[in-house]
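Single-letter residue listing:
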Amino acid sequence: MQLNFIANQSVPSASGRTLPVIDPSDGQPFDEIQRSDAADIDAAVRAARACFDGPWSQLSAAERGRLLMALSRKVAEHADELALLEQRDCGKPTKQAKADAAALARYFEFYAGACDKLHGETIPYQSGYSVFTWREPHGVTGHVIPWNYPMQIFGRSVGGALAAGNVSVVKPAEDACLSLIRVAQLAAEVGFPPGAINMVTGYGHEVGDALARHPGIDHISFTGSPKVGTLIQQVAAERHCPVTLELGGKSPQIIFADADIDAALPVVINAIVQNAGQTCSAGSRVLIEQSVYDQVLGRLGQAFAALRVGPAAMDLDVGPLIRKTQLERVHGFLAEAQAAGIPVVAQGQVVADAPADGFFQAPVLLRDVPVTHRLAQEEVFGPVLSAMAFRDEDHAVELANATHFGLVAGVWTENGARQFRMARRVKSGQIFINNYGAGGGVELPFGGYKSSGYGREKGFEALYGFTVLKTVAVRHG
Ligand code: NAD
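Residues numbered from 1 in each chain as written. Predicted model: local features only at pLDDT ≥ 70, side-chain atom pairs only at ≥ 80, totals over all residues. Heavy atoms only, no water.

A.B. asks: What is the right way to look at the overall build of the protein in this model?
C.D. replies: Secondary structure assignment for the protein yields 16 helices and 22 strands. The C-alpha atoms of the protein give a radius of gyration of 23 Å, which matches the 23 Å a tight globule of 477 residues would have. Over its C-alpha atoms, taken along the principal directions, the protein stretches across nearly 70 × 60 × 40 Å. Buried positions account for 57% of the 477 residues belonging to the protein. If you take every contact in the protein between residues at least 6 apart in sequence, the share linking residues at least 24 apart comes to 75%. Summing over all exposed atoms, the protein offers an accessible surface of approximately 18400 Å²; the carbon and sulfur share of this is 53%. Here the protein holds 41 positive side-chain charges and 49 negative ones, and the gap between their average locations is 4 Å. (Helix = DSSP H or I, 4+ residues; strand = E, 2+ residues; numbered from the N terminus. Rg over C-alpha atoms; globule rule 2.2 N^0.38 Å. Buried < 20%, exposed > 50% of the residue type's maximum accessible area, 1.4 Å probe, protein only. Contact = heavy atoms within 4.5 Å. Areas by Shrake-Rupley, 256 points an atom, 1.4 Å probe, with all protein chains shown as cover. Lys, Arg positive; Asp, Glu negative; His and termini not counted. Charge placed at Lys NZ, Arg CZ, Asp CG, Glu CD.)

Dropping the structure here:
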């Protein structure tokens, strides 16, 4: 049985209610988490505030950095344990789970080094004045985390917030709590004061909503679906609480005829099958120049047919989806594709000995997907790649920008001038030229255009969002 973690104590929810934890590889319950509510959020916010006003404010930036570095090392020491927890909880193949644990350690390492490098400016003003700015922490930051990359998203969001001098109340997704509860315990072991990192589990509409509404939360960082992002904004707007939103994407991989196709194909495939396609920055559309469309699709199809899907511990190309309703959602998209006559180029195979109740979906490659179809517009959040052809550069830009999203784009071409033009013209928070970084790049600011959200996490840039700028003007004559 997993407990909440508040003020460095493992505690049950006030109501005593719990939720089962399901293993996506076999569909069976194997643990329980707390089903918390507003009373637990209130306790966590009080603990956080006491920490912020007390021991946390006594630490210098360098001392905060040392604590973050100690947590980075501790996470690295416990990487296998954390990876196993997340593997069982989220159905991640071993390689992915280990990569996520390593990324968590790296986030804390990066933000440890950043703590004492965040500073304001002096500003030339009228004669007889000295003017400068301070970057002050918001105070208590709330973090609502999705289930697809719990460790990575905790690292980027909470790591940045702590580095900037905030304390945190974290609401992991109800399907993905185990690794994060353990990380909060490890933080206490390395010396984080009680209340610096608080973990409260439960349903989004109960405990997530309570967090967003709590007047003691000074900033909210939300990563998840556009629908819930809208709800959080509405609730936060009532009390003018600042929000950072990392929402979804329908990210294009754009392959020109002059591209190094051999280099592109494995990256394009990985960008949609990594984490079974449950990645906000999944490359879920592939736009291919007409003259090489059939050739590239033929090669992609061969590779898709060879992909193998099975239980997370088998460490195959693809693990299970997170839960049954997610599998049903993907089935719904595929049924619509079939009804619309969208051709299937190829699909992978679920291994014969996969447990019957696991949430497995073979990767599917679709071709000639009309740009207005849901499969070209909405997140499937499964291993489904939609291909379409483009005539020329203008047409590629038009298709790339033809969704409400704008999170990440990949451009594959050897033409240097075109690389820059595409980077300018595609509306997306990140553009990768001849590479693709789904989820990678701790140092690289990340966030969206349009419905993909606003504000930036990752990199040094994130620290600005986790602070309030104060301008001080001194008239000294
Ligand atoms: P979700 O929006 O359903 O849930 C995200 C989190 O919000 C969970 O912790 C959930 O419990 C909580 N939540 C749900 N309802 C809430 C409410 N009313 N108030 C407060 N919190 C609430 O999304 P999901 O299913 O967990 O994740 C999938 C979505 O997240 C996809 O759309 C994906 O693109 C997006 N995502 C984006 C990024 C990014 O960095 N841009 C990263 C990962 C996932």
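Here the narrative resumes, following the displayed structure.
A.B. asks: Could you clarify how one ought to interpret the pairing of strand 3 (residues 18–23) in this entry?
C.D. replies: Each regular strand shows side chains that alternate between the opposite faces of the sheet. By the bridge criterion, six bridges tie strand 3 to strand 4 (residues 28–34) in an arrangement that is antiparallel. Its bridge partner being in strand 4, Pro-20 is matched across the sheet by Glu-32. Here strand 3 folds back onto strand 4, and the loop between the two strands holds four residues, one of which, Gly-27, carries a positive phi near 75 degrees. (Pairing = 2+ DSSP bridges.)

A.B. asks: Just to check I follow, could you spell out the packing of helix 14 (residues 393–400) against helix 15 (residues 416–425) for this structure?
C.D. replies: Relative placement of two packed helices is described by the angle separating their axes and the distance separating the axes. One way to put it is that helix 14 packs onto helix 15 with a least axis distance of 10 Å and a crossing angle of 30 degrees. In terms of orientation, helix 14 and helix 15 fall into the roughly parallel class. Seen from above, helix 14 lies across helix 15 with right-handed handedness. Here Glu-393, Asp-394, Ala-396 and Val-397 of helix 14 lie close against helix 15, whose contacting residues are Arg-418, Arg-421, Met-422 and Arg-425. (Axes fitted to C-alpha atoms, helices over the stretch in contact; angles between N-to-C directions. Parallel < 35°, antiparallel > 145°, perpendicular 65-115°, else oblique. Left-handed = near helix turned anticlockwise from the far one by under 90°.)

A.B. asks: Which parts of the structure should I look at to understand the layout of surface pockets?
C.D. replies: Empty space among the atoms becomes apparent when a probe as large as a water molecule is rolled across them. If you add up the space inside the largest pocket, you get close to 1300 Å³. Lining the largest pocket are 46 residues, with Trp-147, Glu-174, Ser-225, Val-228 and Arg-323 positioned closest to its centre. Looking at the lining of the largest pocket, its residues break down into 24 nonpolar, nine polar and 13 charged. Domain assignment of the residues forming the lining of the largest pocket places at least three in each of domain 1 (4–247) and domain 2 (252–441). Of the pockets and cavities examined, the second largest pocket occupies roughly 240 Å³. (1 Å grid on protein atoms, 1.4 Å probe; cavity = no way out; pocket = protein on both sides within 12 Å on 5 of 7 lines; lining within 4 Å. Points joined across faces, edges and corners; volume = space filled by probe spheres on them. Nonpolar A, V, L, I, M, F, W, Y, C, P; charged D, E, K, R; others polar. Domains from an automatic or database assignment.)

A.B. asks: How should I be thinking about the sheet that holds strand 19 (residues 408–412) in this particular structure?
C.D. replies: Sheet strands line up and pair through hydrogen bonds in the backbone, either parallel or antiparallel. Taken in spatial order, the seven strands line up as 15-17-18-13-12-19-20 in an open sheet, and their pairing is mixed. The sheet is open, and its two edges are formed by strand 15 (344–347) and strand 20 (430–433), each paired on a single side. Adjacent strand axes in the sheet meet at a mean angle of 20 degrees when their direction is disregarded. Strand contacts of helix 10 (residues 261–273): strand 12 (252–255), strand 13 (285–289), strand 18 (384–390) and strand 19, with the helix running at about 165 degrees to strand 12, the strand carrying the most contacts. Along the sheet face, helix 11 (residues 293–305) touches strand 12, strand 13, strand 15, strand 17 (364–366) and strand 18 and points at about 30 degrees away from the line of strand 15.

A.B. asks: Mind showing me how you'd approach the environment of Ile-342 here?
C.D. replies: Within the secondary structure, Ile-342 is located in the loop between helix 12 (324–339) and strand 15. According to the relative accessible area criterion, Ile-342 is buried, its value standing at 7%. For the pair formed by Ile-342 and Pro-370, sequence separation is 28 residues and the distance between their alpha carbons is 8.4 Å. For Ile-342, the residues in contact, after removing those within four places along its chain, are Ala-337, Leu-366, Arg-367, Val-369, Pro-370, His-373 and Leu-375.

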